[in-house]
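Chain and residue survey
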Amino acid sequence: MTSPSTAPSINMAENKLEAIRYRDGQLSIINQLKLPLVTEYDAISSVQDGWDAIREMRVRGAPAIAIVAALSLAVELHKRTFASAGDAAAFIKTSLDHLRTSRPTAVNLFEAANKLEALSAKLAAQEGATAQQVVAGTLAKIEGMMAADIADNRAIGKHGAEAILAKTGKDKVRILTHCNTGSLATAQYGTALGVIRCLHELGSLDHAFCTETRPYNQGARLTAYELVTEKIPSTLVADSMVSVLMKEKDISAVVVGADRVVANGDTANKIGTYQIAIAAKHHGVPFYVAAPITSVDLDLPDGSHIVIEERKGDELTHIFGKRLAAPGINTWNPAFDVTPASLITGIVTERGVVKKPDGAPEFDMHAFVQETRDQKRI
Ligand SMILES: CSC[C@@H](O)[C@@H](O)C(=O)COP(=O)(O)O
């Protein structure tokens, strides 16, 4: 299943980090468990390979999870033949049902699965539909996801950079981010890290700070890797340093990603986001969430309904397979927390920045999605 290679992760021609490689029905991903010390691509040859890579966090980050899940299905659709349109749609549904069980919190996976299931069922229900038509229509949708995600991330970067510069009134800003929301978490460019990239491109970034993001260290391993690779002026801090960082290092704004933004704007994101938002409120630092509309879940009214994934304790007790915690200690390892809307300044999407209605403590995501529906691309 795994075919390691030592090919560089940077596409030098385009100077882009390629975490997900997909060409003509062939898919491989950088094994993010090994970054930043080893760059190794794993082949994903089936839906089960995709499920395993997501569950084991060889690929992670809300948009990347959805894209790899869908592409793992595309890989199988390229190889298989079906007796009828109904058989093709049934296989797609069964595959998506399985992929939905890989990780629970990021809504992008469910959003993509629902769309693909509905599309393939619709194609199969058409008069005289063939298996080839169902497969071709579903593949076209899946194969468009990467391009759409990159375009969305660029738009998020622009909207976020403009919002932060307007809010702070500064020419150059100092931004704190958490977890990894860059090219490794998306198709490319990133969401919150896309905002930082855009500020850098505009010459408006003084400095970026990234947290370690314990216990899984997405900040120290992955965000730091992206920042250093792109020569963005940046500094790594431990999660426990965030309050003093805000007190002493003139942080202009915080920008983080999201795994699920619900109807009132409450946001599930990597564990530790909530305490950063509290510290930001105390220090008067604007706190932005940057996420595509595919991370918005209008079915849940508030954050208390979000299912938070709990992961194995050894992510806490061990680093790179080496124990650091005292043997016998109990662990609690929720992978995400929910930041209440009241602590969030704005939610940056590809369609613009969502603000709270005047004086309201929460966002109206329903109204925003409705108002901007015409701009919807996928
Ligand atoms: C653009 S990625 C946004 C979020 O998915 C990201 O901040 C995050 O929480 C990732 O968690 P992970 O557990 O690494 O999948």
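Procedures and definitions
- Residues numbered from 1 in each chain as written.
- Predicted model: local features only at pLDDT ≥ 70, side-chain atom pairs only at ≥ 80, totals over all residues.
- Heavy atoms only, no water.
- Helix = DSSP H or I, 4+ residues; strand = E, 2+ residues; numbered from the N terminus.
- Rg over C-alpha atoms; globule rule 2.2 N^0.38 Å.
- Buried < 20%, exposed > 50% of the residue type's maximum accessible area, 1.4 Å probe, protein only.
- Contact = heavy atoms within 4.5 Å.
- Areas by Shrake-Rupley, 256 points an atom, 1.4 Å probe, with all protein chains shown as cover.
- Lys, Arg positive; Asp, Glu negative; His and termini not counted.
- Charge placed at Lys NZ, Arg CZ, Asp CG, Glu CD.
- Near = heavy atom within 4 Å.
- Polar contact = N/O pair within 3.5 Å; in protein donor to acceptor, adjacent residues only side chain to side chain.
- Phe/Tyr/Trp six-rings, centres within 6.5 Å; stacked < 30°, edge-to-face > 60°.
- Lys NZ or Arg CZ within 6 Å of the ring centre and 35° of its normal.
- pLDDT = per-residue confidence, 0-100.
- Domains from an automatic or database assignment.
- Buried area = accessible area lost by both parts, 1.4 Å probe.
- Salt bridge = Lys/Arg side-chain N within 4 Å of Asp/Glu carboxyl O.
- Pairing = 2+ DSSP bridges.
- Right-handed = clockwise from strand over helix to strand, strands pointing away.
- Expected span 1.5 Å × (residues − 1).
- Core = buried A, V, L, I, M, F, W, Y, C linked by side-chain atoms within 4.5 Å.

Some thoughts on the overall build of the chain
Broken down by element type, the chain carries 11 helices and 18 strands. Over its C-alpha atoms the chain spans a radius of gyration of 20 Å, differing by no more than 12% from the 21 Å that the globule rule assigns to 378 residues. The buried share among the 378 residues of the chain stands at 57%. Sequence-distant contacts in the chain: of pairs separated by 6 or more residues, those separated by 24 or more amount to 74%. Counting only carbon and sulfur atoms, one obtains 54% of the accessible surface of the chain, whose full area is about 16000 Å². Of note, the chain has its 40 positive side-chain charges centred 4 Å away from the centre of its 43 negative side-chain charges.

Here we look at the site of the ligand
Contacts to the ligand come from 18 residues, most closely from Arg60, Gln218, Asp259, Asn269 and Lys270. With respect to the ligand, the side chain of Asn269 contributes an N or O atom lying 2.7 Å from an oxygen atom. The separation between an oxygen atom of the ligand and a polar side-chain atom of Lys270 is 2.7 Å. Considering the ligand on its own, with 410 Å² of exposed area, one finds that the protein chains cover 100% of that surface. The set of elements that each furnish at least two residues to the shell around the ligand consists of helix 2 (62–79) and strand 11 (267–270).

Things to note about the packing of aromatic side chains
Throughout the structure, instances matching the rule amount to 1 aromatic pair. Between Phe82 and Phe91 the ring centres are 5.4 Å apart and the planes differ by 45°, which places this aromatic pair in the tilted class. Lying over the aromatic face of Tyr41, Arg21 brings its terminal NZ or CZ to 3.9 Å of the ring centre. Lying over the aromatic face of Tyr189, Arg154 brings its terminal NZ or CZ to 4.2 Å of the ring centre.

Considering the confidence of the model for the chain
Averaged over all residues, the pLDDT of the chain equals 94, while 95% of them reach at least 70. Taken as a whole, residues 1–15 scores under 50 in pLDDT and shows 33 contacts with residues more than four places along the chain or in a different chain.

Focus: the domain arrangement of the chain
What the domain assignment lists for the chain is domain 1 (10–148) and domain 2 (155–375). Here the C-alpha centre of domain 2 lies 25 Å away from the C-alpha centre of domain 1. In this assembly, 31 residues from domain 1 lie in contact with 34 residues from domain 2. In total, about 2700 Å² of surface goes out of reach between domain 1 and domain 2, with carbon and sulfur atoms giving 57% of it. Area buried by domain 1 at its contact with domain 2 is led by Leu17, Arg60 and Thr105, which between them contribute 25% of it. Where domain 1 touches domain 2, the interface holds 1 salt bridge. Across the pair Arg103 and Glu309 runs a salt bridge whose closest N-O atoms are separated by 2.8 Å. The interface formed by domain 1 and domain 2 includes 15 residue pairs in polar contact (both at pLDDT 80 or more). Every element with two or more residues in the side of domain 1 that touches domain 2 is listed here: strand 2 (16–17), helix 2 and helix 4 (108–125). Here the side of domain 1 that touches domain 2 takes 4 residues from helix 2, the largest share from any one element.

Looking at the pattern of salt bridges
Inspection of every chain in the model, using the stated rule, returns 20 salt bridges. Measuring nitrogen to oxygen at the nearest pair gives 3.1 Å for the salt bridge that ties Glu162 to Lys158. Note that Glu162 and Lys158 are positioned in helix 5 (residues 131–168) at a spacing of 4 residues, about one turn of the helix. Several salt bridges converge on common partners, so that one network encompasses Lys93, Asp97, Arg100 and Glu117.

Here we look at the pairing of strand 8 (residues 234–237)
Across 4 bridges, strand 7 (residues 205–211) lies against strand 8 in parallel orientation. Along strand 8, the bridge assignment pairs Phe209 with Thr235. Crossover strand 7 to strand 8 through helix 7 (residues 218–229) is right-handed.

Considering the environment of Glu143
Mapped onto the elements, Glu143 comes out in helix 5. In this structure, the C-alpha to C-alpha distance between Glu143 and Asp24, residues 119 residues apart in sequence, is 9.7 Å. Every residue in contact with Glu143, bar those within four places of it in the chain, is listed here: Tyr22 and His78. Polar contacts involving the side chain of Glu143 include one to the side chain of His78, which spans 3.0 Å.

Here's the deal with helix 2
Owing to its 3.6 residues per turn, the α-helix aligns residues three or four sequence positions apart on the same side. Between its terminal C-alpha atoms helix 2 stretches 27 Å, which fits the 26 Å expected from 18 residues at 1.5 Å a residue. Burial of helix 2 is extensive: 16 of the 18 residues sit out of reach of the surface.

Here's the deal with the nonpolar core
The biggest cluster of nonpolar side chains holds 51 residues, and the ones touching the most others in it are Ile20, Leu71, Leu73, Leu77 and Leu184. Ranked by residues supplied to this core, first place goes to helix 2 with 12 residues. When we break this core down by domain, the ones giving at least three residues each are domain 1 (10–148) and domain 2 (155–375). What Leu71 contacts, discounting residues up to four positions off in sequence, is Ile20, Tyr22, Leu27, Ile142 and Met146. Counting residues in each nonpolar core, the second largest holds 30 residues, with Val242, Ala258, Ala279 and Ile293 among its members.

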